[in-house]
Amino acid sequence: MTSVDELMDYAEVIERFDPVLGLEVHVELHTNTKMFCGCANLFGGEPNTHVCPTCLGLPGSLPVVNGKAVESAIRIGLALNCEIAEWCRFARKNYFYPDMPKNFQTSQYDEPIAFNGWLDVTLDDGEVVRVEIERAHMEEDTGKSLHVGGATGRIHGAEHSLLDYNRAGVPLIEIVTKPIAGTGERAPEVARAYVTALRDLLKALDVSDVRMDQGSLRCDANVSLMPKGTTEFGTRTETKNVNSLRSVERAVRFEMTRQAAVLAAGGKVVQETRHFDESTGSTSSGRTKETAEDYRYFPEPDLVPIAPSREWVEELRGTLPELPWERRKRIQQEWSLTDAELRDLVNAGAVDLVAATVDAGATPAEARSWWVAYLTKEANARGVELGELGITPAQIARVVALVNSGELTNKLAREVVTGVLAGEGEPEAVVEARGLKVVSDDSALEKAVDEALAAQPDVAAKIRDGKVAAAGAIVGAVMKATKGQADAKKVRDLIIARCS
Amino acid sequence: MSSLIRSTAAELAAKIAGREVSAVEVAQAHLDRIAEVDGAVNAFLHVDTEGALAAAKKVDDDLAAGQAPASPLAGVPLALKDVFATEGVPTTCGSKILEGWVPPYDATVTRRLREAGVVILGKTNMDEFAMGSSTENSAYGPTRNPWDLDRIPGGSGGGSSASLAAFQAPLAIGTDTGGSIRQPGAVTGTVGVKPTYGGVSRYGLVAFSSSLDQGGPCARTVLDAALLHEVIGGHDPLDSTSINAPVPPVVAAAREGANGDLTGVKVGVVTQFSGDGYQAGVLRSFEAAVAQLKQLGAEIVEVSCPSFDYALPAYYLIAPSEASSNLARFDAMRYGLRVGDDSTRSAEEVMSLTREAGFGPEVKRRIMIGTYALSSGYYDAYYGSAQKVRTLITRDFEKAFASVDVLVSPTTPTTAFRIGERANDPIAMYKADLCTIPANLAGTPAMSVPSGLSDEDGLPVGLQIMAPALQEHRMYRVAAAYEAARGTVYQDVPELAVAR
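All figures in this text were calculated on a predicted structure; none of them were measured in a lab.

On a plain count of helices and strands, chain B comes out with 17 helices and 11 strands. The C-alpha atoms of chain B give 21 Å as radius of gyration, which agrees with the globular expectation for 500 residues (23 Å, within 12%). With the C-alpha coordinates of chain B rotated into their principal frame, the extents come out at 70 × 55 × 45 Å. In chain B, which comprises 500 residues, the share counted as buried stands at 63%. Taking as baseline every contact in chain B between residues at least 6 positions apart, the subset at least 24 positions apart corresponds to 77%. Accessible surface computed for chain B: about 16600 Å², of which carbon and sulfur atoms make up 51%. The average position of the 41 basic charges and that of the 56 acidic charges among the side chains of chain B differ by 2 Å.

Here it is in structure tokens:
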């Protein structure tokens, strides 16, 4: 089924409907071991090498809770301003699927470890939206299915499937928002900003790799619309496979325009799981949830309840790091940034990179000019995150130092950076290999100047007559001859000296 | 008949340790007996001749090398219920769905037995996934009661109890979810103990009902059961529900009890366990047992536990609910039977066909009941109510144990019934566990000790003794005193008509 969805113009959507969001984020914790067994918790690896009877769900095997995962869950809950349960249990979520070894997922149901919190999210223009957190609960990840054959890579139409249980039992925290209403046309942006803020927070807590591309941070976006002026939530869809921050925004926006078109045509939104397609920016129908799946939750009898003492919770509260927004405030003061400058820095996702570059010796202004002004463009052009460009803060700091010492001009420095991005090695190696050192050897320069003057005798005559402005033409010729590796001011001084 | 096979475990251990007889000779005598009579009894699903002789030889070698015995049971043979994982030895749980599965790991109980130098002869027959009271639900044919081969040996651990009564092994391991150790013990004239929930590790015990299952010792004498109890009991970090406390001093209690003095011990007779459905000979045997306890100095009082009347229906909601989830993993994907995988069918169809072919009717019945009881909309009425009954039963026990040291009742309402007699009447079958289920629901320890033969049919009757959690020594003391006074029963089993 490949029918093309009717979409409504976005402005019209906003005129006629109010969107309501619900975001479910799954975070893989980067604990040393899995949630319920001693297997290594590592991304990738030869298939089915990080497995044991417990995470394979072999008959007779039993789970034991990873204390470090509980600790991480509590810290996440505290950072999200949640209440921490005094007593809670795991539950079994029963459904059959080949990549789930026990055919039930050990999760939490009506007794989450953390609940009733909030996260303040700053939008691009500085507006702050408070997103309320329903709950954060612990669970285990499933294995991975690789569907071979068939056009879509999904289970339907596949010839056979391969199963890798390395991921089975990896600790997950699922963070669920309360319905986010009243954000109007900014709903897609709020969704992206929320996931961004959450990612930054989790990174600061050092509980997860938070790599959306590797699936250690996964977002399911629930979207519904209600006609303007009404207050009853509409039927929602849940969009999965949203693998980047940008996709979060696009997926929400797409669903809003699609649902609006359905509703405007007198149709009904089908409650279903939808699949986001990165290449088209559209969503397509997955499992229909019309007959709500009955997971037959019940308390996991193989695990004893978790009752974190208040002392422990307070101790963990004491381990919370400086939260990203607090840090930003401090940085703004220390670096004397305007609100707009800070916003640019944050929106570029460059706070950590700039700070590290400053730590490596550059000034905040120098570091920002590289990361925010220049490298952000490069990252956008390549469609990658700033941090994945392939250049480190230390390398940028060294390039800055080379400019300050006069060994590179700004133009040459950009070429060095281009070389580093192209994988040509350290900045010094690029300078060497590309022969980018500023030509400061006077005799070589004098020779180039003399040749240029000789080539344009009429211009030389004008300069000798005191028409100094005419020197520009000779400077251009010298720069061309030295392939831009000369300092233009120095060349100009030399020309004037030669002609006087 | 070799005298070795009629010896108690304690006697054999002493002779082996004193090098009067080798462990290999003892193992061989029992293997010979199995070869001789198991065609008629069908107690074993798998006899591990090679493994048993190798384990026995290791015991002999260690002793010859001057090492102290690994445990008070070193070299003694044992029959292991086929519900415990045994590395390299098939484990079927009496089900077709696990036919051919060879676990890659040992259950904790298995490991402790091996480390204690206990010689595992093989795996014993059982009702499929421990669901039943007669061992007729085994996919590999029923086990027969050595007292009368036309009768059931109890269940689900009929293979273990029959192997003791038939002198195929002096020790056995069972599991007790609703009476599966005690009821087989009662109807075969042997001793069976269900420890406190959490007293013996469940790691590697293929789960039927996780919150009720408990492994425990089976033997022909109280002291032998106590010796085995101390080998397998104790904390296991691989089982979250395992109690982190020392094993109660049951061997000392059995030795003390054998002096025959119960002065100062208060024994409560549960008034709920008599009347309709109880065989007259069983009640007479029970009354005689109570009179005997009084003679030994015990004080006898009547105790009412009104909630026990609801134990059976509550059990038949909780156990199937947990089973429906525990048995979901048998899906043909990773191990065991696979039906219909002809490359035209989906994984879902193969799962369905395999479960259809692989599970027997009683297992399917319980999966259906459990799935229904956990369904949304029915959960509160069924599973939820059953859990409330469970709390009430626990309170009845607490109240009773506030005034008495142990409680007593018949173990099972009737003597061994005929094979086939109740096969088509599940309710009649379930009633065999009427007296044993409350202790499972409360997690408290209970045991069955032979109380002679019923005067009307000459078949063994069991006396059930129940104690508070972790007070197993109380019931062992009473059982040993009673056994010393009235004598054991096992020696009176008729010679098996082997030619059958």
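Moving on to the overall build of chain A. Across its full length, chain A holds 16 helices and 15 strands. Seen through its C-alpha atoms, chain A measures out along the principal axes to roughly 95 × 55 × 50 Å. Sorting the 500 residues of chain A into buried and exposed places 49% on the buried side. Excluding contacts between residues fewer than 6 apart, the proportion of contacts in chain A whose partners are at least 24 apart in sequence is 68%. By element, 50% of the accessible surface of chain A is carried by carbon and sulfur atoms, the whole surface being about 23200 Å².

Below, the discussion takes up unusual backbone geometry. All names here are of chain B. Residue S156 follows G155 across a cis peptide bond; omega there is 5°. Along the chain, S156 turns up in the loop between β3 (119-124) and α6 (158-165). For S343, which is not a glycine, the phi torsion comes out positive at approximately 65°. Relative to the helices and strands, S343 is located in the loop between α11 (311-326) and α12 (347-358).

The next point concerns the interface of chain B and chain A. Each partner contributes residues to the interface: chain B has 38 residues there, and chain A has 32 residues. In total, chain B and chain A occlude about 2600 Å² of area from one another, counting both sides; carbon and sulfur atoms represent 58% of this. Three residues, S240, R329 and R334 of chain B, lead the burial of chain B against chain A; their summed loss comes to 23% of the area buried on that side. Here chain B is connected to chain A by one salt bridge. Summed over the shared surface of chain B and chain A, the number is 17 residue pairs in polar contact (both at pLDDT 80 or more). Contributions of two or more residues to the side of chain B that touches chain A are made by α11, α12 and α13 (361-374) of chain B.

Under the domain assignment, chain A is made up of domain 1 (10-314), domain 2 (324-434) and domain 3 (442-498). For domain 2 of chain A versus domain 3 of chain A, the separation of C-alpha centres amounts to 34 Å.

We now examine the nonpolar core. By size, the foremost hydrophobic cluster in this structure holds 160 residues, and its most contacted members are L113, F129 and I465 of chain B. Counting 71 residues, the second-largest nonpolar core is a separate cluster that includes M8, C88, L123 and I133 of chain A.

What follows concerns the packing of aromatic side chains. For the coordinates displayed, the defined rule picks out 22 aromatic pairs over all chains. Measuring from centroid to centroid gives 4.9 Å for Y315 of chain B and Y316 of chain B, while their planes differ by 80°, and the two rings are edge-to-face. Y316 of chain B sits in the buried class, given a relative accessible area of 10%. An aromatic cluster is built from W101, F129, F330, Y335 and F359 of chain B, whose rings are joined through pairwise contacts. The lysine or arginine in question, R130 of chain A, covers the ring of W118 of chain A, its NZ or CZ lying 3.6 Å from the ring centre. Above the ring of Y10 of chain A, the side-chain terminus of R253 of chain A is found at 3.9 Å from the ring centroid.

On to α11 of chain B, then. For α11 of chain B, which comprises 16 residues, the first-to-last C-alpha distance of 22 Å matches the rise-based estimate of 22 Å (1.5 Å per residue) to within 8%. The buried fraction of α11 of chain B amounts to 15 of the 16 residues, a majority that puts the element mostly inside the structure.

Here the focus is the pairing of strand β4 (residues 171-175) of chain B. All names here are of chain B. Burial analysis of β4 places five of its five residues in the buried class, which makes it a mostly covered element. Because side chains alternate across β4, one face comprises the buried residues L171, I173 and T175, and the other comprises A172 and G174, equally buried. Two elements, strand β2 (residues 77-81) and β4, share two bridges in a ladder whose sense is parallel. Residue pairing for β4: A79 is matched across the bridge by A172.

With that settled, the discussion passes to the environment of V468 of chain A. Residues and elements named next belong to chain A. Mapped onto the elements, V468 comes out in the loop between α14 (457-464) and α15 (471-481). Residues V468 and C499, spaced 31 residues apart in sequence, show a C-alpha to C-alpha distance of 9.6 Å. Those residues within four positions of V468 in sequence are excluded, and the remaining contacts are R492 and I496.

Another point: the state of the cysteines. In total, this model carries zero disulfides over all chains according to the counting rule given. Unpaired in this structure, C219 of chain A has its nearest cysteine sulfur neighbour in C82 of chain A, at a distance of 17 Å. Here C93 of chain B stays free of any disulfide, with the sulfur of C218 of chain B as its closest cysteine sulfur at 16 Å.

In spatial order, the strands read β4-β3-β15 (chain A); together these three strands make up an open sheet with antiparallel pairing. Since the sheet does not close on itself, it has two edges, and those belong to β4 (104-107) and β15 (298-299) of chain A, each with one partner. Set on the sheet, α11 of chain B makes contact with β3 (91-94), β4 and β15 of chain A; between it and β3 of chain A the angle comes to about 60°.

The next point concerns the packing of helix α2 (residues 67-79) of chain A against helix α5 (residues 310-317) of chain A. Residues and elements named next belong to chain A. At a minimum axis separation of 9 Å, α2 and α5 run at an interaxial angle of 70°. Taken as axis vectors, α2 and α5 run roughly perpendicular relative to one another. Relative to α5, α2 is oriented so that their crossing is right-handed. The segment α2 lies against α5, with G67, V70, E71, I74, R75 and L78 engaging W312, V313, L316 and R317. Split into classes, the residues belonging to the contact of α2 with α5 amount to six nonpolar, one polar and three charged.

All names here are of chain A. In this model helix α13 (residues 442-455) runs 20 Å from its N-terminal to its C-terminal C-alpha over 14 residues, within 8% of the 20 Å that 1.5 Å per residue would give. Taken as a whole, α13 has its buried residues at L445, A448, V449, A452 and L453. The buried residues of α13 occupy an angular sector of 135° when projected down its axis, which confines them to one face. Facing away from the buried side of α13, by more than 90 degrees, are the exposed residues K447, A454 and A455.

So, about the packing of helix α9 (residues 364-382) of chain A against helix α11 (residues 410-421) of chain A. Packed helices, taken two at a time, are described by the angle their axes make and the gap between the axes. Residues and elements named next belong to chain A. Viewed as axis vectors pointing N to C, α9 and α11 meet at an angle of 40°, and their least axial separation amounts to 13 Å. By the angle between their directions, the pair α9 and α11 is classed as oblique. Handedness of the crossing formed by α9 with α11: right-handed. Only A413, R414, V417, T418 and L421 of α11 make contact with α9, whose side of the interface consists of W370, Y374, L375, E378 and R382. The residue makeup of the contact of α9 with α11, split by class, is six nonpolar, one polar and three charged.

Residue and element names in this part refer to chain B. Spatially, 11 strands are ordered β1-β3-β2-β4-β6-β5-β10-β11-β9-β7-β8 in an open sheet, and the strand pairing comes out mixed. Each end of this open sheet is capped by a strand with a single partner; those strands are β1 (44-47) and β8 (299-303). Within this sheet the neighbouring strands show an average axis-to-axis angle of 30°, counted without direction. Here β2 runs beside β3; their pairing, made up of five bridges, is parallel. Bridge assignment links L78 to a residue of β3, and that residue is I120. The strands touched by helix α3 (residues 23-41) within the sheet are β1, β2 and β3, with β3 carrying the most contacts at an inclination of about 20°. Against the sheet, α6 touches β1, β2, β3, β4 and β6 (215-219), its axis set at about 160° to β4.

Residue and element names in this part refer to chain A. With respect to the secondary-structure elements, R211 resides in the loop between α3 (187-205) and β11 (217-227). Residue R211 is classed as partly exposed on the basis of its relative accessible area of 31%. Between the C-alpha atoms of R211 and E232, which are 21 residues apart in sequence, the distance is 36 Å. Beyond its immediate stretch of four places on either side in the chain, R211 contacts S216, L217 and E388. Looking at R211, its side chain comes within polar contact range of the side chain of D213, at 2.8 Å.

Reading the values: rules and limits
- Every chain is numbered independently, its residues counted from 1 as its sequence is written.
- Naming scheme: in the order in which they are written, chains are lettered from A and ligands are numbered from 1.
- Per-residue local features of the predicted model are confined to residues with pLDDT of at least 70, and side-chain atom pairs are confined, for both listing and counting, to 80 or more; whole-chain, interface and lining totals are unaffected and use all residues.
- The side-chain figures draw on all heavy atoms in the structure; neither hydrogens nor water molecules are used.
- Secondary structure elements follow DSSP: runs of H or I no shorter than four residues count as helices, runs of E no shorter than two count as strands, and numbering proceeds from the N terminus.
- The globule rule used for comparison is 2.2 Å times the number of residues to the exponent 0.38, while the radius of gyration itself is calculated over C-alpha atoms.
- Each residue's exposure class comes from its accessible area (1.4 Å probe, protein chains only) as a fraction of the maximum for that residue type: buried when under 20%, exposed when over 50%, partly exposed otherwise.
- In this analysis, two residues are considered to be in contact whenever any of their non-hydrogen atoms come within 4.5 Å of each other.
- Accessibility throughout is a Shrake-Rupley quantity obtained with a 1.4 Å probe, and a residue counts as covered only by protein chains that appear here.
- His residues and chain termini do not enter the charge count, which takes Lys and Arg as positive and Asp and Glu as negative.
- The atoms used to mark charge sites are NZ of Lys, CZ of Arg, CG of Asp and CD of Glu.
- Buried area counts how much accessible surface, traced with a 1.4 Å probe, disappears from two parts once they are put together, with both parts' losses summed.
- We count a salt bridge whenever a side-chain nitrogen from Lys or Arg sits within 4 Å of a carboxyl oxygen from Asp or Glu.
- Polar contact criterion, stated in full: a pair of N or O atoms within 3.5 Å, where within protein one must be able to donate a hydrogen and the other to accept it, and residues adjacent in sequence count only if both atoms are side-chain atoms.
- Here the bounds of each domain stem from an automatic or database domain assignment.
- In these notes, a set of buried Ala, Val, Leu, Ile, Met, Phe, Trp, Tyr and Cys residues joined through side-chain atoms within 4.5 Å is what counts as a nonpolar core.
- Put simply, two rings from Phe, Tyr or Trp (the six-membered ring, in Trp's case) pair if the centres are within 6.5 Å, and we call them stacked under 30 degrees between planes, edge-to-face over 60, tilted for the rest.
- The criterion is that NZ of a Lys, or CZ of an Arg, lies within 6 Å of the ring centre and within 35 degrees of the ring normal, and then a charge sits over that ring.
- By definition here, a helix of n residues has an expected span of 1.5 Å times n minus one.
- Strand pairing is defined by DSSP finding a minimum of two bridges between the two strands.
- Any cysteine sulfur atom paired with another within 2.5 Å is treated as part of a disulfide.
- Angles shown run from 0 to 180 degrees and are taken between the N-to-C directions of axes, each axis being a line fitted to C-alpha atoms and, for helices, limited to the stretch in contact.
- If an angle is under 35 degrees, it is roughly parallel; if it is over 145, roughly antiparallel; if it lies from 65 to 115, roughly perpendicular; otherwise it is oblique.
- By the definition used in this description, the sense in which the near helix is turned from the far one sets the handedness, with an anticlockwise turn below a right angle giving left-handed and a clockwise turn giving right-handed.
- By the convention adopted, Pro, Cys, Tyr, Trp, Phe, Met, Ile, Leu, Val and Ala count as nonpolar, Lys, Arg, Asp and Glu as charged, and the other residues, Gly among them, as polar.
- Regarding the arc, it is the one traced by the directions from the helix axis to the C-beta atoms.

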